[in-house]
Every structure is written in C-alpha cells, then in structure tokens.
Amino acid sequence: MINKVTLIGHVGRDPEIRHLDNNVTVARFSVATSESYKNKNGEKVTNTEWHNIVLWRGLADIAEKIVKKGALIYIEGKLRSNTWDDKDGNKRTTVEIYGENFQLLGRPSENSGSGSGSGSSENHASHDQSAPHEQNSAIPDLSPTDDLPF
C-alpha cells in the first residue's frame with residue numbers, strides 16, 4: 001500500500017506553532033495549489049485547492065524559522081483523516097497532509113530573506129531527524145529559472 005502526497009504550492013499563512021509535552025513541536029499551515037483551464041466558452045477558469053499541512057518535531061522547528069506566508073513550497077507527505085463530533089453532535093472530518101520533507105522554492109528574496117538559494121540546506125527539511133538538512137535526491141533541485149517538472 002502507498003500513501004504518498006507531493007505538492008508544489010504557495011503557503012497560505014505563517015505556520016501556527018505549538019510546543020507540546022516532552023519538547024515536541026507541531027507546525028500547522030495551509031498550502032494552495034491551483035489549476036487553470038478554458039471552459040467551453042473559451043474563458044479561463046482557475047480552481048484553487050487548499051491543503052492542511054502538519055509537521056512534527058524537527059521539521060516543525062525548521063518550518064517555524066523559514067516557512068512564511070506566500071512562499072513557494074515543495075512538500076511530500078502522507079494523507080491522514082480525522083473524524084470527530086462537533087458541539088452539535090454532527091460528524092466532522094478533516095483531511096491533513098503529515099509532511100515528511102519539504103523544500104522552499106523560488107528566489108531567495110521570496111523565501112525567508114535568508115539569502116540562500118532554493119537548493120540550499122537552509123531551505124530543505126526532511127523527516128530524518130538525524131540529518132534534517134541533508135539533501136534528498138528525490139526532491140528536484142529547481143533554480144528560479146527552471147520550469148516546474150510537470
């Protein structure tokens with residue numbers, strides 16, 4: 001079985017950071033992806049999908065420092081759904097992407113202002129807590145002038 005999500009989109013809001021017991025950090029933010037097409041009347045239509053992202057521990061610590069609203073981000077993770085009863089007794093479901101690694105894309109000035117390029121270790125994070133800054137060969141190293149790989 002495979003549960004894998006890969007997104008490239010823009011961060012919708014700065015990460016909401018919570019520090020739990022035992023120094024566990026969790027970061028939550030949204031990412032928007034869009035697709036455009038022409039309808040039967042020849043008009044351009046754009047659909048935007050919002051994705052809820054959850055990062056844990058070291059990834060959350062890194063996101064707290066470098067992920068900002070509006071940044072272009074590449075993220076890989078797994079889908080998780082949560083179901084609960086709201087205050088009125090209605091069943092509610094949320095689908096979240098639990099991130100396993102991410103990389104900020106775009107020009108350095110578009111990211112956290114750190115002055116590092118899109119392929120730098122400061123803009124890439126992985127779930128491997130022993131080496132959170134190690135470059136993952138599965139993630140494309142896109143320069144600002146490259147086309148997206150799809």
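The structure this text deals with has already been given above.
Since we're looking at a predicted model, the values are computed, not measured. (Residues numbered from 1 in each chain as written. Predicted model: local features only at pLDDT ≥ 70, side-chain atom pairs only at ≥ 80, totals over all residues. Heavy atoms only, no water.)

Visitor: Is there a simple way to explain the overall build of the chain in this structure?
Guide: Scanning the chain from N- to C-terminus turns up one helix and seven strands. Walking the chain from its N terminus toward its C terminus, one meets helices and strands in the order β-β-β-β-α-β-β-β. Split into buried and exposed, the 150 residues of the chain put 36% on the buried side. A separation threshold of at least 6 residues defines the contact pool for the chain, and within that pool the share at least 24 residues apart is 53%. As displayed, the chain offers around 9400 Å² of accessible surface, 46% of which is attributable to carbon and sulfur atoms. (Helix = DSSP H or I, 4+ residues; strand = E, 2+ residues; numbered from the N terminus. Buried < 20%, exposed > 50% of the residue type's maximum accessible area, 1.4 Å probe, protein only. Contact = heavy atoms within 4.5 Å. Areas by Shrake-Rupley, 256 points an atom, 1.4 Å probe, with all protein chains shown as cover.)

Visitor: I tried to follow the pattern of salt bridges on my own but got confused; where do I start?
Guide: Pairing between side chains becomes possible if they bear opposite charge and their charged atoms approach one another. According to the stated counting rule, one finds four salt bridges in the structure shown. The partner of Lys91 in a salt bridge is Asp85, with the nearest N and O atoms 3.4 Å apart. Judged by relative accessible area, Lys91 falls into the exposed class, the value being 63%. (Salt bridge = Lys/Arg side-chain N within 4 Å of Asp/Glu carboxyl O.)

Visitor: What should I look at first to understand the pairing of strand β4 (residues 44-56) in this one?
Guide: Consecutive side chains along a regular strand alternate between the two faces of the sheet. Here strand β3 (residues 24-38) runs beside β4; their pairing, made up of 13 bridges, is antiparallel. From the neighbouring strand, Ser30 faces β4, where its bridge partner is Asn52. The hairpin turn running from β3 into β4, its antiparallel successor, is five residues long, and Gly42 in that turn takes a positive phi close to 80°. Here β4 runs beside strand β6 (residues 91-105); their pairing, made up of three bridges, is parallel. Counterpart to Asn52 in the pairing with β6 is Glu96. (Pairing = 2+ DSSP bridges.)

Visitor: So what exactly am I meant to see when it comes to the pairing of β6 here?
Guide: Sheet topology note: the strand β5 (residues 72-85)/β6 ladder contains 14 bridges and is antiparallel. Opposite Asp85, over in β6, you have Lys91 as the bridge partner. If you look at the hairpin formed by β5 and β6, you'll find five residues sitting between the two strands, and Gly89 has a positive phi there, around 85°.

Visitor: How do you make sense of unusual backbone geometry when you look at a structure like this?
Guide: Glycine aside, a negative phi is what most residues show, and trans is what most peptide bonds show. Unusually for a residue other than glycine, Asn23 sits at a positive phi of about 60°. By secondary structure assignment, the location of Asn23 is in the loop between β2 (16-20) and β3. Its identity as a non-glycine residue notwithstanding, Arg57 has a phi of 50°, on the positive side. You can see Arg57 is positioned in helix α1 (residues 57-66).

Visitor: Before we go on, may I ask you to explain the packing of aromatic side chains in this structure?
Guide: When we look at a pair of aromatic rings, we describe it by the centre distance and by the angle of the planes. Counting across every chain of the model gives one aromatic pair. Centroid distance Trp56 to Tyr98: 6.4 Å. Interplanar angle 40°. Geometry classified as tilted. With Trp56 in strand β4 and Tyr98 in strand β6, this residue pair connects regions lying 42 residues apart in the sequence. Of note, Arg80 hangs over the ring of Tyr98, and the distance from its end group to the ring centre comes to 4.9 Å. (Phe/Tyr/Trp six-rings, centres within 6.5 Å; stacked < 30°, edge-to-face > 60°. Lys NZ or Arg CZ within 6 Å of the ring centre and 35° of its normal.)

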